[in-house]
Amino acid sequence: MKIAIATRDFSTVSGHAGQARQWLLYDLSQHRAGRLLPAPRRVELDKGEVLHVFADDRPHPLDGIDIAVAASAGDGFVRHMKQRGCEVLLTGESDPAQAITRILAGEALPDPRFDITTTLCKLRDLFSRH
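What counts as what
- Residues numbered from 1 in each chain as written.
- Predicted model: local features only at pLDDT ≥ 70, side-chain atom pairs only at ≥ 80, totals over all residues.
- Heavy atoms only, no water.
- Helix = DSSP H or I, 4+ residues; strand = E, 2+ residues; numbered from the N terminus.
- Buried < 20%, exposed > 50% of the residue type's maximum accessible area, 1.4 Å probe, protein only.
- Contact = heavy atoms within 4.5 Å.
- pLDDT = per-residue confidence, 0-100.
- Polar contact = N/O pair within 3.5 Å; in protein donor to acceptor, adjacent residues only side chain to side chain.

Draft legend 1. Quick peek at the overall build of the protein. If you tally the helices and strands in the protein, you get 3 helices and 6 strands. Counting from the amino terminus, helix and strand elements in the protein follow one another as β-β-β-β-β-α-β-α-α. A burial count over the protein gives 43% of its 130 residues as buried. Nonlocal contacts in the protein, meaning residues at least 24 apart in sequence, comprise 51% of its contacts between residues at least 6 apart.

The structure is reproduced here in structure tokens:
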């Protein structure tokens, strides 16, 4: 399983997943319960690779992820990721490692905090191509 977390400066879970350029990618395919988490790979997207504008017309650095985690995301982003075979989890957890630990333990993530940009994205998504 591969989990990508949208971040701000690779240190805190970021909101507005569709615009996020910095992601932590955890490849958990070899991970076993009770062991330390593998170090994540840092993925910095170019402007044209930001998922909000990416046209799915070529390979993407986040191809193959199973779960995307962020503090907020618009409906268009969620639909786009579902088409890519990825589930989106939104959380109020700010620590990426803590979010991964909770997911692996089967624990619920804290509810996302209110984010005005999500409301604006919902309005924008009414006219989105996704």
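Following the structure, the description resumes.
Draft legend 2. Structural detail: the confidence of the model for the protein. Confidence in the prediction for the protein averages 88 pLDDT; 86% of positions are at 70 or higher. The weakest mean pLDDT in the protein belongs to helix 3 (residues 116–125) at 60; the strongest belongs to strand 4 (residues 41–44) at 98.

Draft legend 3. Molecular detail of the side chain of T91. Residue placement: T91 occurs in the loop between strand 6 (87–90) and helix 2 (96–105). A polar atom in the side chain of T91 sits 2.9 Å from the backbone nitrogen of E93. Once residues within four sequence positions are removed from consideration, T91 is found in contact with V13, V69, A70, A71, L109, P110, D111 and P112.

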